[in-house]
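These are the residues of each chain, in order.
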Amino acid sequence: MSASQDRRHLRVHARRTLPGAAPGTLESDPGAPKPRIRVTRFDEKELVEEELTDVTVLAQWRTPGATLWVDCAGLGDASIIKRLGEELGLHALSLEDVLNVHQRPKLEDYEDYLYVVIRQSPGKDFPVTEQVSLFLGKDFVATFQEDEFDWFQPVRERLRRSPSRVRRSGSDFLAYSLLDAVVDHYFPLLEQTGERLEQLEEEVVNAPSPGIPARLLAVRHELLALRRAIWPLREVISALQREDSEIVSQETRVYLRDCYDHVVQLIDVLESLREVPGSLMDVYLSSVSNRMNEVMKVLTVIATVFIPLTFVSSIYGMNFDPKSSPFNMPELTWYWGYPFALLLMALIAVGLLVYFRRQGWLGESRAVRRLRERGKRPRTLQRRQRTP
């Protein structure tokens, strides 16, 4: 995770209000984007879209028989959020949760409307997740996003097509469509993470490098962020299905059941992926250890071969005078003495290498190679396999 992502992570999970502040106190983040409000009013025959600059005219958009969708992107002005909540009749406590964007996914019933909190990752600052607040009333849906990243563009396109089920249905089906769009957005994120893990697996097996542990740790953090966002989402969708509120119709509950199945699939994929980084880390450490063992084995063999050679050369390096005594290295005066010493050292080196080869310390031993060529396994391996 980069330094900018660390700062972003801390900023997102910091509380806006001071400890001890009165309930319902609205404090916006000075660094957050200014609110951009888009209003959509539709029924089966008509669709009207507009970007509002004055929140006070919102009451004129609410007409009988039509559904109103208010989408606010950006939470940088608490006064606008407050006026917007007053126009829609939203409770101050729920508006406080909108601005305090550290909330976990949840569902709250305020009698006149349902308040849903979900989390989503834009991918551009992964693994940081952003909060999306959704208010579901009898004739309206209000969504609050942290920035101008348009999560719901596919839903807008469906609304613009007439006739469509979203246009024919009420606000509850629109809320389901928005939730389903957020849930479906997680599938490509998990696929992308799975592809990264496959690439890391190939690198761990074929060419482990020192940078792999940091990359595995980054993927682990991403999966942990996704787990915190997806697991509570299952409870939210399940509560919407069981909620006794008249706002959610029986027809929409059937579609919510399908959305719940998608969340369960996401959880299954997520849990299977969460086990991979730990396994790859074990494989990486094992590969590094095996490579170190191979290097140490080669160095040990080289040192072992040169120990007797050094012994022979050190003997002939002693400065004894053969003329003083017949026992003072008489071979120094021999015509073939120097070639004999070289040949002796070469034979010792070759003999040690052959011995190491037979013992199986360098490649396969002769006995194992014969059994492998015959299609059999060594007795030691057979005994180990028979041992329970």
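Asker: Which parts of the structure should I look at to understand the overall build of the protein chain?
Answerer: When you go through the protein chain residue by residue, the secondary structure sums to 11 helices and 7 strands. Looking at the protein chain as a whole, 41% of its 388 residues are labelled buried. Looking at the protein chain alone, contacts between residues at least 24 apart form 64% of all its contacts between residues at least 6 apart. By element, 55% of the accessible surface of the protein chain is carried by carbon and sulfur atoms, the whole surface being about 22100 Å².

Asker: Help me understand the nonpolar core, please; the structure alone is not making it clear to me.
Answerer: What tends to happen in soluble globular proteins is that the nonpolar side chains get buried as a cluster. Judged by nonpolar contacts, the single largest core of 51 residues is most densely connected at Leu174 and Tyr186. It is helix H6 (residues 171–206) that contributes the most residues to this core, 15 residues altogether. What Leu174 contacts, discounting residues up to four positions off in sequence, is Phe42, Thr67, Trp69, Val141, Val155, Leu159 and Val166. Val70, Val98, Leu99 and Tyr113 belong to the second-largest nonpolar core, a separate cluster that totals 28 residues.

Asker: Please explain the packing of helix H8 (residues 250–316) against helix H9 (residues 337–359) as it appears in this structure.
Answerer: Angle between the axes and distance between the axes: these two values describe a pair of packed helices. Between H8 and H9, whose axes approach to 10 Å, the crossing angle comes to 160°. With respect to their mutual orientation, H8 and H9 come out roughly antiparallel. Judged by the twist between their axes, the crossing of H8 over H9 is right-handed. Within the contact between the two elements, H8 uses Val301, Thr304, Val305, Pro308, Leu309, Val312, Ser313 and Tyr316 and H9 uses Phe340, Ala341, Leu344, Met345, Ile348, Ala349, Leu352, Leu353 and Phe356. Looking at the contact of H8 with H9 residue by residue, the class counts come to 15 nonpolar, 2 polar and no charged.

The rules behind each value
Residues numbered from 1 in each chain as written. Predicted model: local features only at pLDDT ≥ 70, side-chain atom pairs only at ≥ 80, totals over all residues. Heavy atoms only, no water. Helix = DSSP H or I, 4+ residues; strand = E, 2+ residues; numbered from the N terminus. Buried < 20%, exposed > 50% of the residue type's maximum accessible area, 1.4 Å probe, protein only. Contact = heavy atoms within 4.5 Å. Areas by Shrake-Rupley, 256 points an atom, 1.4 Å probe, with all protein chains shown as cover. Core = buried A, V, L, I, M, F, W, Y, C linked by side-chain atoms within 4.5 Å. Axes fitted to C-alpha atoms, helices over the stretch in contact; angles between N-to-C directions. Parallel < 35°, antiparallel > 145°, perpendicular 65-115°, else oblique. Left-handed = near helix turned anticlockwise from the far one by under 90°. Nonpolar A, V, L, I, M, F, W, Y, C, P; charged D, E, K, R; others polar.

Honestly, that's just the spatial picture; any functional story needs more than this.
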